[in-house]
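Letter by letter, the chains look like this.
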Amino acid sequence: MLSLSPIKAKINWRQILWLSIAFFALRLASFLLRDSSLLQALFVLLNISVLAALFFKNKPLAWYYLLLEFVLGGAGLFFQAFSLSLRTILILEFLLLYFTSIPAFAGITRGNKTATANELAKFPRLRELIREHKNILLVFLIAILFLGLAFYLGLKNQHNLFFILQDLLPFSFFLLVFPAREFLKDKNSDKNLLNLLFIFILGSSLWSVFNLILFQQGIAILHSPYYNWLRDFAAAKITYLDAGFWRIVFPEQILLVASILFLSWLYLKTKDKIYLLFLVFANIILALNISRAYFLALIICFLFLKYQNKIKDWFLLGAFILISFLAVFFIINLSISSAKNLGLNILGLRLPGIENIKVDESANARLELLSEITKQIKNSPLIGQGLGLNISFINKANLQVNTRHFDWGYLEILAKFGVLGFLFYYYFWLKLAKNLFINKKQSINFVLLASLVSILLANIWAQTTLHILGVIFFVFILAFSQNQRAKSC
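Rules used throughout
Residues numbered from 1 in each chain as written. Predicted model: local features only at pLDDT ≥ 70, side-chain atom pairs only at ≥ 80, totals over all residues. Heavy atoms only, no water. Helix = DSSP H or I, 4+ residues; strand = E, 2+ residues; numbered from the N terminus. Buried < 20%, exposed > 50% of the residue type's maximum accessible area, 1.4 Å probe, protein only. Axes fitted to C-alpha atoms, helices over the stretch in contact; angles between N-to-C directions. Parallel < 35°, antiparallel > 145°, perpendicular 65-115°, else oblique. Contact = heavy atoms within 4.5 Å. Nonpolar A, V, L, I, M, F, W, Y, C, P; charged D, E, K, R; others polar. Salt bridge = Lys/Arg side-chain N within 4 Å of Asp/Glu carboxyl O. Core = buried A, V, L, I, M, F, W, Y, C linked by side-chain atoms within 4.5 Å.

**Thoughts on unusual backbone geometry**
Here's step 1: Backbone geometry places Q158, a non-glycine residue, at a positive phi of 60°.
Here's step 2: Structurally, Q158 can be placed in the loop between helix 8 (134–156) and helix 9 (161–172).
Here's step 3: Of note, H223 is a non-glycine position whose phi angle comes to about 70°, a positive value.
Here's step 4: Its location among the elements puts H223 in the loop between helix 11 (189–216) and helix 12 (225–233).
Here's step 5: Judged by its relative accessible area of 59%, H223 is exposed.

Below, the structure is given as structure tokens:
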């Protein structure tokens, strides 16, 4: 069962090398195939076949193949077929294979499509599954009611059906909690998940630096084919700030603070210096992302790591993270400015935005969205406007803006699901936190709690809780906490 506490990292550098090559090869292939729907579809079909073959040969290997796509595949939009992304197709395929491979479900779906309640009783494995997951199933039942209402409201308010389905789809991924509970019990889950974390941090840091060099050197420019690919397939935000510095933001970085917290916790438990190396890599991502939300979340949630750790060790690690961040940030700025600029002006541009939001272009854009989102909430405060909601308004530059990216995470939930839906979400998050806090004797629970809080804090300024990677994050915490609870009973 997942514990991570005894792990001393033994890096398989050969594996890291090959997976890093795969990390960049996927992006190169996506760029080259961006205009070919046929070749993208063939690539998707190849991966569907590989996942199916792995599933029937070795289910845990198929599970890690799916997780590897989360790590290597960025926002999950690099390849598409049948109007769906490769990530979505693989998740749905895995869920289909998983549930139809369970003897109880297989007997019903294959042998008797009209099974009655008495006939269901003939499948003891099904009764066992329901009993084992009854708490999760109850939550799912309530969630289905809210989603059904939000779906109806979306149709009633004449929202685009494609957008409605796009909003609905990520919620189906919560079904991954069932296989996650099973595979987290595997004795190798610690090692495998740690390797995935290493790949995510190393690959993302090199990817950010690579794009900084391309834009700083003028090899890539705004609205070029490469920039358009980054925007449309990698869902990136590339923004020029000052003195040759480009802000590089990718959606998968919503898990950055949680990753830093995990690496920090692992170092405090093992004193293995390899974690310090990967903290430096993580700081490279943070230095180029330079997000207020992530800074705030990291500062607050790092306090959780004081639990069960000596204050000296905790303080020294905090100092290392801060100093290494500043060192990385200054080195980057000195390198791109020919040693003429430390980057203090960049910090001055971004950080004061917490107090003086008007000096920041990105923050100003959020302010413009704020009034429009508030209007939508006021129009239907109790039950919301439904799935597929789109914001349309005239900005201060007198340009028409149509967007589904609300930026304000909690306000998006209120706008789409209303106060009732928000309260259900609030209960879900509170229940997750409570389950972790009950088992506070295990320090891993506190780092999971800190990571959960970091995602919820970042959700103030960015949509992290409804993002597919946010859903996967919740799935793992839910699966872990339920396994822990079952073990203690």
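**Notes on the packing of helix 1 (residues 13–32) against helix 12**
Here's step 1: Running from amino to carboxyl end, helix 1 crosses helix 12 at an angle of 110°, the nearest separation of the two axes being 10 Å. Accordingly, the angle class assigned to the pair helix 1 and helix 12 is roughly perpendicular. Where helix 1 abuts helix 12, its residues R27, S30 and F31 lie against P225, Y226, W229 and F233.
Here's step 2: When the residues that make up the contact of helix 1 with helix 12 are grouped by side-chain class, the tally is five nonpolar, one polar and one charged.

**Digging into the pattern of salt bridges**
Here's step 1: Tallying each qualifying case throughout the model produces seven salt bridges.
Here's step 2: A salt bridge links K271 to D313, with the nearest nitrogen and oxygen atoms 3.5 Å apart. Of the two residues, K271 sits in the loop between helix 13 (256–270) and helix 14 (274–289) while D313 sits in helix 16 (residues 311–336), which places them 42 residues apart along the sequence.
Here's step 3: The salt bridge involving K416 is made with E412; its shortest N-O contact spans 2.7 Å. Taken together, the residues K416 and E412, both in helix 19 (residues 409–438) and four residues apart, mark about one turn of the helix. For the residue pair K416 and E412, the accessibility class agrees, reading buried in each case.
Here's step 4: One salt-bridge network, held together by shared partners, links D167, E412 and K416.

**Quick word on the nonpolar core**
Here's step 1: Formed by 146 residues in total, the largest nonpolar core has its most connected members in W63, F94, L230 and F474.
Here's step 2: Residues contacting F474, with those up to four places away along its chain left out, are F174, F428, W429, L432, L452, I455, L456 and T465.

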